[in-house]
Amino acid sequence: MSDSRVEDEAAVNAVLSDAYKGWEANDAEAFVSHYTEDATAILPGSFRGSREVIRASMAKSFEGPLKGSSTYNKQLSMRFLGQDGAIVVSESGILFAGESEVPEARKVYATWVLEKRDGDWHIAAYHNCPMLAAAH
């Protein structure tokens, strides 16, 4: 791996870390701070078609069912697509207030698509599916 990729890998991990910290703070604005304006998020039964829609949805959720929650994230892979694209796959889940472990039934496989714009990495798309429904 070249020095450029090592730097890019660190930058991509920093973007994801910032998103996780935003979630832990239940701060929708911080959570989407590295999303592109045209970012998309697909979750079971839900499509969110812009950073603003994602932000608004998360703000509402942080006031309700996700209040006090954080996330568990274990990176499974990262690969680069040319100089300006990256795909990160993780095992993830929501830790609700008071939980220290995500039950297996609530774990998901998540795919993050990132794009480098003007030298900075941004989240362009996110998708997840339940682990138990996915073929291993």
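Residues numbered from 1 in each chain as written. Predicted model: local features only at pLDDT ≥ 70, side-chain atom pairs only at ≥ 80, totals over all residues. Heavy atoms only, no water.

Account for the overall build of the chain, naming residues and giving values.
The helix and strand inventory of the chain stands at 3 helices and 6 strands. Going from the N terminus to the C terminus, the chain shows its helices and strands as α-α-β-β-α-β-β-β-β. Over its C-alpha trace the chain gives a radius of gyration of 15 Å, about what one expects of a compact globule, namely 14 Å for 136 residues. Its C-alpha atoms give the chain principal-axis dimensions of roughly 40 × 35 × 25 Å. (Helix = DSSP H or I, 4+ residues; strand = E, 2+ residues; numbered from the N terminus. Rg over C-alpha atoms; globule rule 2.2 N^0.38 Å.)

So what's going on with the pairing of strand β1 (residues 35-43)? Residues and values would help.
Sheet topology note: the β1/strand β6 (residues 120-130) ladder contains 4 bridges and is parallel. Bridging across to β6, T40 finds its partner in A125. Where β1 lies against strand β2 (residues 46-48), 3 bridges are found, and the strand directions are antiparallel. When the bridges of β2 are listed, I42 appears paired with F47. Taking the residues that link successive antiparallel strands as the turn, the β1-β2 hairpin has 2 residues, and the phi of G45 there is positive, at about 80°. (Pairing = 2+ DSSP bridges.)

Requested: an account of unusual backbone geometry, with residues and values cited.
Non-glycine residue N26 carries a positive phi angle of around 55°. As for its placement among the helices and strands, N26 is situated in the loop between α1 (3-24) and α2 (28-31). Phi at D118 is positive, roughly 50°, even though this residue is not glycine. Within the secondary structure, D118 is located in the loop between β5 (108-117) and β6. The exposure class assigned to D118 is exposed, which follows from its relative accessible area of 81%. (Buried < 20%, exposed > 50% of the residue type's maximum accessible area, 1.4 Å probe, protein only.)

Give me the nonpolar core: which residues, what numbers.
Formed by 25 residues in total, the largest nonpolar core has its most connected members in V12, W112 and L114. Mapped onto this core, the elements with two or more residues apiece are α1, α2, β1, α3 (51-63), β3 (70-81), β4 (85-95), β5 and β6. Here this core takes 5 residues from α1, the largest share from any one element. The contacts of W112, once residues within four sequence positions are left out, are L16, Y20, Y35, A86, I87, V88, S90, I123, A125 and Y126. (Core = buried A, V, L, I, M, F, W, Y, C linked by side-chain atoms within 4.5 Å. Contact = heavy atoms within 4.5 Å.)

Can you explain the pattern of salt bridges? Please cite residues and give values.
If you walk through the whole model with that rule in mind, you get 10 salt bridges. Residue K107 pairs with E91 through a salt bridge whose shortest N-O separation is 3.6 Å. Placement of the pair is K107 in the loop between β4 and β5 and E91 in strand β4, with a sequence separation of 16 residues. Each member of the pair, K107 as well as E91, is classed as buried. The shortest N-O distance in the salt bridge between R106 and E99 comes to 2.5 Å. (Salt bridge = Lys/Arg side-chain N within 4 Å of Asp/Glu carboxyl O.)

Worth remembering: the numbers are spatial, not functional.
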